[in-house]
Amino acid sequence: MTELLEIESLGVAAGTHRILRNVSLRVAPGEILALTGESGSGKSMTALAVMGLLPQGLAARGAIRLDGRDLLGLAEPQLCDIRGREVAMIFQEPMTALNPVQTIGAQVMETIRVHGAAPRAGAEARAREVLERVGLPPDRVPLTRYPHELSGGQRQRVVIAMAIALRPRLLVADEPTTALDVTTQAQILELLRGLVRDEGMGLLMITHDLAVVAGMADRIAVMQEGEVVEQGPTADLFAQMRHPYPRRLFEASRHRAALPPPAPDGRLLRVEEVRRDYPLPRRALFAPRAAHRALDDVSFDIARGERLGLVGESGCGKSTLARAILGLEPVQGGTITLDGRPVLDHGRPDPEVRRRVQVVFQDPYGSFNPRHRVGRLVAEPFHLLPDPPRGAAREAAVADALTAVGLRPEHAESHIHAFSGGQRQRIAIARALIIRPELVIFDEAVSALDVSVRARILDLIAELSRQYGLTYLFISHDLGVVRSITDRVLVMRSGEIVERGATEEVFDNPGHWYTKSLVAAAPVLPPLEGGGKTDAGHDIP
Amino acid sequence: MGFYALKRLISLAVSLLVASLVIFLVVEVAPGDPASYMLGINADPGTVANLRAELGLDVSRAERYLDWVGGMLTGDFGTSYTYRTPVAGMVAERLRVSLPLALYALGLAVLLAFPAGIYAAARRGRAGDMGVMAATQLGVAIPNFWFAMLLVLFFSLTLGWFGAGGFPGWDDPLQAIKALTLPAVALALPQAAILARVMRSSLIDILGEDFIRTARAKGLSRRQALWRHGLRNALIPVLTIIGLQFSFLLAGAIIIEQVFFLPGLGRLIFQAITQRDLIVVESVVMLLVFAVITVNFLTDLAYAAVDPRLRVRR
Amino acid sequence: MSAKLVTGAALTALFLAAAALSFLWTPGDVEAMNIAARLQPPSRAHLLGTDHFGRDILSMIMTGARTSIAVALVAVGIGMGAGVPLGLAAAARQGGWLDEIIMRANDLIFAFPSLVIAILITAVFGPGAVNAIVAIGIFNVPVFARLTRGAALSLWRREFILAARVAGKSTPRISAEHILPNLANLLIVQGTIQFSLGILAEAGLSYVGLGAQPPVPSWGRMLADAQTMVALAPHVAIIPGLAIVLMVLGLNLLGDGLRDRFDPRLRERRA
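Not measured: the values here are computed from a predicted model. (Residues numbered from 1 in each chain as written. Chains lettered and ligands numbered in written order. Predicted model: local features only at pLDDT ≥ 70, side-chain atom pairs only at ≥ 80, totals over all residues. Heavy atoms only, no water.)

Within chain A one finds 18 helices and 22 strands. Along the three orthogonal principal directions, the C-alpha set of chain A runs to about 75 × 60 × 45 Å. Counting every position in chain A, which comprises 541 residues, the buried fraction comes to 55%. For chain A, long-range pairs separated by at least 24 residues make up 70% of all intrachain contacts whose partners lie at least 6 apart in sequence. Working note: accessible area of chain A is about 22200 Å², and carbon and sulfur atoms make up 48% of it. Mean positive and mean negative side-chain charge positions of chain A (64 and 67 charges, respectively) differ by 3 Å. (Helix = DSSP H or I, 4+ residues; strand = E, 2+ residues; numbered from the N terminus. Buried < 20%, exposed > 50% of the residue type's maximum accessible area, 1.4 Å probe, protein only. Contact = heavy atoms within 4.5 Å. Areas by Shrake-Rupley, 256 points an atom, 1.4 Å probe, with all protein chains shown as cover. Lys, Arg positive; Asp, Glu negative; His and termini not counted. Charge placed at Lys NZ, Arg CZ, Asp CG, Glu CD.)

This is the structure in structure tokens:
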């Protein structure tokens, strides 16, 4: 088979720091090569090297051959000629990948015009054609639209249209669906597969998600710390897994935490017919103020000792619900009570209630004041106690909390920037648990973490459940995670709960069409041959 | 767009109203009575009372405020205490110098700053960038009236290319423009330095955006990406600064007019202060504030033209 | 330490030291006139020459630095003292009536350039250093209020602020404990820049006679006095201007250097 792209011993270095080492990959026409690995493994850097768009100051060695021609030896004007015409790229973040002040038509046409491939009228005709091809028919989505008028999925389609406008031979896609909801992700993946099939393009697809890889790629290459540690045809690779690292990744991806059996004991939280409206800006001077209904008649209970999941796509109202339960925002209708006491009493939070509910947020980097030491950060909820421990008692409590989440007491003296993402989420859990709340809310608490770190945090939550009999509400867009860590689940769509029930039951036999589409769209990993016993290590990530 | 403009227009009107109230009240608390000041300490009380009536000072504060604002709306700025002539006429005559000067300077500043800022951003971190940045660093630190003195010293007194000051009037536009050139350069240079820095940093920010990388992946060269995608986006913060600078230019013109003995608003206002001709001070300050608020309003509209996201507020 | 930071700090320190020294000692007497020795170029006896009254220019520069620094520093103090709390309050109640009033008032003050404020004040109360301070100080208030509000707003959206709210802390307490410390760097940098703008504004005001009045020495008035003598003795006009440029340049370099040092993006690259 003739190779379209051939990367040979590619090395990229910033000064003496080597980012990529000896990377060799091949992509044939009509083939999909998935490049996978955890963050920092060098996947994206490889993609940028292929495009000749490495950040300034980075030097590449080795060879990147497109149809036998070494791109590393080419001058910038020749590279410009190749980019967009022969090699095109799709990026991760559709919200920022388009110029906000230009229409989508102009941006798609630019690919054609900059290469002088067609006169203006011809370029416009071709732009209509490709937009139609990517699922944005110009009669419904005119070329005169601006990016901010489109959804994330639609913007990603525009980016793809720009990339394929000149029928490039090779498409490089860097995490093209990571920023998208699971149903949109399925559609975009289908579109990419169709393009490869119909146009005979080669596709180099970078993704951290093994399940996406499994359903999509002809061949897989796994990267770790700047090196390709294993590559081969998809089926073979999943069957064999010679190298321990891909195996570890794979196991972490399908990791199920060992949750102790639930022991529900009386109602703890009650959410009744809750409604939350956000006012929208006025459209005209005296027009009535419209409102966006973020929560619509939401009702559910959480029993003491229960682990409840809440799934739904971005913008469905999950986080709004979390804030309402925490008493951070008022609701316009309905009641939220903990043991019969409302969380907001005449718009003021009830300290009695507040000390019984704590939260772990998504962003391990944004949820700590960078100027405080870990000890002070972890002890912050003591503010809620009428008689907080002081001096040695306080230090002991902080040390206990840190030990409980697998850190060491002396970590209390460090600043937060000294810790990795996984360690920060442990600190966040320590902060949430230090005053022994009766209810913990995990708001996308593992979504920003790499798979192996995520697996260990899920284990930690299971372990803490065993020790302390936690009650929690686990909010996530990731069905797999929710499945592994909850007993019961709520499915939310546009502010409404559309389905509820025991977690396994809901995911195995979804009743509502929306749940069905979520389950169907979620990429799944094939079973691992040779025993899929999962056990991620217990060392601190 | 219409709604956006209307909202801005209302806030413009409110700002003007409040500004007029503030100016009026500040001048009202001024100690001393203009009529007795004008006639001297030994004046006959009857004459003073007559003058007060003539100047419209014998009615209540509220009435005086309404008279003043109402008058301004119809172009009547009141009568100068000192010269007994309509303030509007005096101001209009002085504006024929001050306004062209400010606009001339603004034009020069933009003309200098845009190429310098774009050039520096395109060669970020290289010698050309460092040179431009060092020059702007110096430009920002130079007081414009001192720079004006140096210009006079060099171009007028040493080389004799320009007059050292004065204004020949607009009968000969070429001579008028020549007389305004050194003042405009003096005004423009520090502002150009600020604007070039803003242009550079704004462009550099934009060049780091994802959509620039997208453009490069399409096959645009670095230069094409900068011109086609960078510039228009970078213009948004630059517009803000241009809007703000206009107020500095107007105020700066007041000082620069002193250096070059130009018969503009600045001379008028300083004369008025020494003669305690408060109605003139009041009107000129209001006029300056009106200009600043209006320019800011226009800047807001210009945003909407540059950024489609502002046109429809959803 | 970058070259910018070192140069900026050194220039600033030089002028601060000169101003401080002038309280104790100056090479000549700034009030003693000596018409016989007027408009002398720089010499051994008078390092920077003499002015039209025969006064030692170096001594006047040193004493004038006092005025410039005092006016600009107090004006920055007024701007920060009023602007920062207002900005914090506005951000804490974003979109509320307090926010609306504070921001509208800021817009209004922005419409009065500091020179125009000074003109108004002088017209009413007469010229003087105090009026210059008030005029520049008032103009600094919206600068700090806007900066504080903008930066505080983005901090309020961070999750660590939510965490503090979940920990039951009140809005003022969060502002003081979490918001303000994270703004400190930004405020120091802006403070340096406003300081330098204050020096320029003071020079401008005293040049047109609205600032410090005689016999208090000031750089701006030295330039005003020199104007008619530019042709005869250029050094009389050049030296005070250079003093202003160097002082302002030093402060700007200091501000830039601090900004680079504080910028987390740059810092992470170093780490």
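Another point: a positive patch on the surface. The grouping of Arg123, Arg126, Arg222 and Arg223 of chain B at the surface amounts to a positive patch. One can find Arg126 of chain B in the loop between helix H5 (87-122) and helix H6 (127-141). (Patch = residues over 30% accessible without salt bridge, like charges linked within 9 Å, V, L, I, M, F, W, Y side chains within 5 Å. Salt bridge = Lys/Arg side-chain N within 4 Å of Asp/Glu carboxyl O.)

Take a nonpolar patch on the surface next. Residue and element names in this part refer to chain B. A contiguous nonpolar patch, built from Leu6, Leu9, Ile10, Val14, Leu17, Val18 and Val22 and spanning about 540 Å² of accessible area, is present on the exposed surface. Residue placement: Ile10 occurs in helix H1 (residues 2-28). The exposure class of Ile10 is partly exposed, given its relative accessible area of 41%.

Counting from both sides, the interface comprises 33 residues of chain A and, opposite them, 25 residues of chain B. Summing both partners gives a buried area of about 2700 Å² for chain A against chain B, and 58% of it is carried by carbon and sulfur. At the junction of chain A with chain B, the criterion picks out 3 salt bridges. Between Glu110 of chain A and Lys218 of chain B there is a salt bridge, and its shortest N-O distance comes to 2.9 Å. In this structure, the connection of chain A to chain B is made through 13 residue pairs in polar contact (both at pLDDT 80 or more). Taken together, the elements giving at least two residues each to the side of chain A that touches chain B come down to helix H1 (43-51), helix H2 (76-82), strand S6 (87-90) and helix H3 (104-114) of chain A. Counting residues per element, the side of chain A that touches chain B draws most heavily on H3 of chain A, which supplies 4 residues. In terms of residue class, the side of chain A that touches chain B is built from 17 nonpolar, 9 polar and 7 charged. (Buried area = accessible area lost by both parts, 1.4 Å probe. Polar contact = N/O pair within 3.5 Å; in protein donor to acceptor, adjacent residues only side chain to side chain. Nonpolar A, V, L, I, M, F, W, Y, C, P; charged D, E, K, R; others polar.)

A separate point is the UniProt feature "domain: ABC transporter" (unreviewed entry) in chain A. As annotated in UniProt, the feature "domain: ABC transporter" (unreviewed entry) corresponds to residues 5-250 and 269-519 of chain A in the numbering used here. End C-alpha to end C-alpha, residues 5-250 of chain A measures 27 Å, and it is 38% helix and 26% strand. (UniProt positions renumbered as here; feature names shortened; annotations may be inferred.)

Moving on to the sheet that holds strand S1 (residues 5-14) of chain A. All names here are of chain A. Here 4 strands make up an open sheet; going across it, the order is S2-S1-S4-S5 and the pairing antiparallel. A single partner strand is all that each edge strand has here, and the edge strands are strand S2 (17-27) and strand S5 (69-70). Pairing of S1 with S2 involves 7 bridges; the strand directions are antiparallel. Bridge pairing links Ala14 to His17 in S2. Set on the sheet, H1 makes contact with S1, S2 and strand S4 (59-66); between it and S1 the angle comes to about 110°. (Pairing = 2+ DSSP bridges. Axes fitted to C-alpha atoms, helices over the stretch in contact; angles between N-to-C directions.)

Where charged atoms from two side chains of opposite charge approach closely, those side chains can pair. All names here are of chain A. If you walk through the whole model with that rule in mind, you get 53 salt bridges over all chains. Notably, a salt bridge pairs Asp508 with Arg483, separated by 2.4 Å at the nearest N-O pair. Pair noted here: Asp508 is in helix H17 (residues 503-508) and Arg483 is in helix H16 (residues 479-485), with a separation of 25 residues, a long-range link. The exposure class assigned to Asp508 is partly exposed, which follows from its relative accessible area of 45%.

Moving on: a negative patch on the surface. Residue and element names in this part refer to chain A. A cluster of like negative charges, contributed by Glu272, Glu273, Asp297 and Glu496, occupies part of the molecular surface. Note on placement: Glu272 falls in strand S11 (residues 267-279). Classification of Glu272 by relative accessible area gives partly exposed; the value is 34%.

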